[in-house]
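Residue-level structural notes
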Amino acid sequence: MNDGGGEDLSYFWRGWFFRTDVVDQAVDSVLTRRDSSGTSLTGVFLSSPGGLPMPVDLRLTFADGSVENARLPV
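The rules we used
Residues numbered from 1 in each chain as written. Predicted model: local features only at pLDDT ≥ 70, side-chain atom pairs only at ≥ 80, totals over all residues. Heavy atoms only, no water. Helix = DSSP H or I, 4+ residues; strand = E, 2+ residues; numbered from the N terminus. Rg over C-alpha atoms; globule rule 2.2 N^0.38 Å. Buried < 20%, exposed > 50% of the residue type's maximum accessible area, 1.4 Å probe, protein only. Contact = heavy atoms within 4.5 Å. Areas by Shrake-Rupley, 256 points an atom, 1.4 Å probe, with all protein chains shown as cover. Lys, Arg positive; Asp, Glu negative; His and termini not counted. Charge placed at Lys NZ, Arg CZ, Asp CG, Glu CD.

1. Regarding the overall build of the protein chain
Summing up its helical and strand segments, the protein chain has two helices and four strands in all. Going from N to C terminus, the protein chain has its helices and strands arranged as α-α-β-β-β-β. Its C-alpha atoms give the protein chain a radius of gyration of 17 Å, clearly above 11 Å, the size a compact globule of 74 residues would have. Along the longest, intermediate and shortest principal axes, the C-alpha atoms of the protein chain span 50 × 25 × 20 Å. Expressed as a percentage of its 74 residues, the buried residues of the protein chain come to 9%. Expressed as a percentage of contacts within the protein chain between residues at least 6 apart in sequence, the contacts between residues at least 24 apart total 28%. Only carbon and sulfur atoms are counted for the fraction: they give 55% of the accessible area of the protein chain, which is about 5,900 Å². Charge-centre separation for the protein chain: the mean point of 6 positive side chains lies 4 Å from the mean point of 10 negative side chains.

Set out below in structure tokens:
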């Protein structure tokens with residue numbers, strides 16, 4: 001499976017077959033500030049309280065209406 005997917009899936013097998021953890025992902029907080037040049041910076045802080053690590057797919061929508069999709073690996 002790892003070779004076919006091109007990704008190390010050991011996190012998946014451990015969590016699903018050897019433990020009883022659950023998938024539970026959360027946005028903990030969002031922080032916005034301006035840097036010294038006046039550019040607005042935003043930080044999104046995530047957590048996984050369920051204990052089963054999984055990749056995170058985010059869709060970020062900006063003030064100008066543009067959208068960006070991001071995938072955070074395990």
